[in-house]
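# Structure assessment
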Amino acid sequence: MLNRLEMIRIFCTAAETGSFKEAAVRLGISPQAVTRAVKELERLQGEMLFHRNTRQIRITAFGEALAERARSSMLQLDALFEQPRAAAADGEMTGLVRLAAPSALGRRRLLPVIESLGAQYPGLRFDVRLNDQRIDVIGEKIDIGIRVGFLRDNRFVVRKLAKTRLQVVATPRYLRRYGTPSDLESLQAMPYTAIVDQDTGRLWPWMFAGERQMNPAAARFVCDDSEAEYQFVRSGQAIGQIVSFLVTDDIASGRLVPLLPELEPDPWDMYLYRPQRGPMPARLRLVFDALAEALSTP
């Protein structure tokens, strides 16, 4: 008969894969052994853990809650037997890392780190979700994420990174054609851009010092992607309020000109987070630390 620790490990694997057959392959046991372990655990818990039919299984709400608690316990237990990972320096790091980040930030700052780690550790696999919407990091089983702005979930393990500024910018050619705005009123009379909040469908207001805002209802160019907005501004067709990590190099080279600096709002915090507390597998610690180092400078 299986002991309870083995039952929990089998159950967690079935919950993660969503398939008794795949769980059996991963654990090197028969599908019948997975079924028996789940049935016995259901008997002990007095609750159904999976809805089953002839074609698929689907975890129940009780099963999802049990799996969440069990994963944390299994990580702590595995950490007791984990050998020092000095071998990781020799390239023996393996396994899947699931990451999430806003689209433009992910392309500009996260992907280069992942490419470097992937070249150094061929055994690592990456599942990267780039999206400007707030995703369900627990439901999507995200291991590590990056967020700009506000992070109110106190369940997360969080590290603050470099701050991100919002800068009003335009090309020299645009300024020669339309002039340089001296205040918000003259700015609103010029061609400008706006971003759609993907969570609400509404336009993001332009934000300024002293909690002042500008409604971009008459924007010339509207989109739901910050890099597309940046490219339109960089083409010289509109003025935009753009996150600093997109425009720093352009400002340094003179391709873009910062405007109304006295009205620039307070910088936004950038966070690196992981949703699970407790011990970190070596592969997650490697990626977390590499991202923290790369993103700690503006």
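So, here's what we can say about the structure.

So, how was this worked out
- Within each chain, residue numbers correspond to sequence positions counted from 1 in written order.
- Restriction of local features to residues with pLDDT of at least 70 applies here, the model being predicted, together with a cutoff of 80 or more for giving and counting side-chain atom pairs; totals for whole chains, interfaces and linings are based on all residues.
- With hydrogens and water stripped out, all remaining heavy atoms of the structure feed into the side-chain values.
- For patch detection, residues must exceed 30% relative accessible area and be free of salt bridges, and they are connected within 9 Å for like charges or within 5 Å for nonpolar side chains (Val, Leu, Ile, Met, Phe, Trp, Tyr).
- For accessible areas, the Shrake-Rupley method is used with a probe of radius 1.4 Å. Any residue's cover is judged against the shown protein chains and nothing else.
- The salt bridge definition used is simple: a Lys or Arg side-chain nitrogen within 4 Å of an Asp or Glu carboxyl oxygen.
- Neither His nor the chain ends is counted toward charge; the positive residues are Lys and Arg and the negative residues Asp and Glu.
- The atom standing in for a charge is NZ when the residue is Lys, CZ when it is Arg, CG when it is Asp and CD when it is Glu.
- Secondary structure elements follow DSSP: runs of H or I of four or more residues count as helices, runs of E of two or more count as strands, with numbering from the N terminus.
- For a helix, the expected span equals 1.5 Å multiplied by the residue count minus one.
- For a residue, the bend is simply the angle between two axes, fitted respectively to the seven-residue segment ending there and the seven-residue segment starting there.
- The buried label goes to any residue with under 20% of its type's maximum accessible area, the exposed label to any with over 50%, and the partly exposed label to all in between, with areas taken from a 1.4 Å probe on protein chains only.
- Stacked, tilted and edge-to-face pairs are distinguished by plane angle, under 30 degrees for stacked and over 60 for edge-to-face with tilted covering the rest, among Phe, Tyr and Trp rings (Trp via its six-membered ring) whose centres lie within 6.5 Å.
- Each pair of strands is called paired provided DSSP finds at least two bridges between the two strands.
- Only the stretch in contact is used when a helix axis is fitted, and all axes are lines through C-alpha atoms; the angle between N-to-C directions ranges over 0 to 180 degrees.
- Residue contacts are defined here by distance: any two heavy atoms, one from each residue, within 4.5 Å place the two residues in contact.

## Comments concerning a positive patch on the surface
Together, Arg173, Arg176, Arg177 and Arg220 line one region of the surface with positive charge. Structurally, Arg173 can be placed in helix α6 (residues 172-178).

## With respect to helix α5 (residues 103-120)
The end-to-end C-alpha separation of α5 is 24 Å, in line with the 26 Å expected for 18 residues at 1.5 Å each. The largest bend in α5 amounts to roughly 45° and is located at Leu110, with the proline Pro112 lying one to four residues further along. Every buried residue belonging to α5 is among Ser103, Ala104, Leu105, Gly106, Arg109, Leu110, Val113, Ile114 and Leu117, and all of these are buried.

## Considering the packing of aromatic side chains
Tallied over the full model, the rule gives six aromatic pairs. Here Phe11 and Phe50 contribute two aromatic rings whose centre-to-centre distance is 5.8 Å and whose plane-to-plane angle is 70°, an arrangement assigned as edge-to-face. Of this pair, Phe11 sits in helix α1 (residues 4-17) while Phe50 sits in strand β1 (residues 50-52), placing them 39 residues apart in sequence. Here the two residues Phe11 and Phe50 agree in accessibility, since each one is buried. Arranged with centres 5.3 Å apart and planes meeting at 90°, the rings of Phe20 and Phe50 form a pair that is edge-to-face. With Phe20 in helix α2 (residues 20-27) and Phe50 in strand β1, this residue pair connects regions lying 30 residues apart in the sequence.

## Side note on the sheet that holds strand β13 (residues 257-259)
Taking strand neighbours across the sheet as the criterion, the three strands line up as β12-β7-β13 in an open arrangement whose pairing is antiparallel. Edge strands, defined here as strands with exactly one partner in the open sheet, are β12 (240-243) and β13. Neighbour-to-neighbour, the strand axes of this sheet turn through a mean angle of 55°, independent of strand direction. Pairing geometry for strand β7 (residues 166-170) and β12, over four bridges, is antiparallel. Bridge pairing in β12 links Leu166 to Val243. Relative to the sheet, helix α8 (residues 226-234) contacts β7 and β12, its axis offset from that of β12 by approximately 130°. Together, β7, β12 and β13 form the strand contacts of helix α9 (residues 244-253), whose direction differs from that of β12 by roughly 105°.

## Overview of unusual backbone geometry
One non-glycine residue with positive phi stands out, namely Glu211, at about 60°. Along the chain, Glu211 falls in the loop between β9 (206-208) and β10 (212-214). For Leu260, which is not a glycine, the phi torsion comes out positive at approximately 50°. Within the secondary structure, Leu260 sits in the loop between β13 and β14 (270-274).

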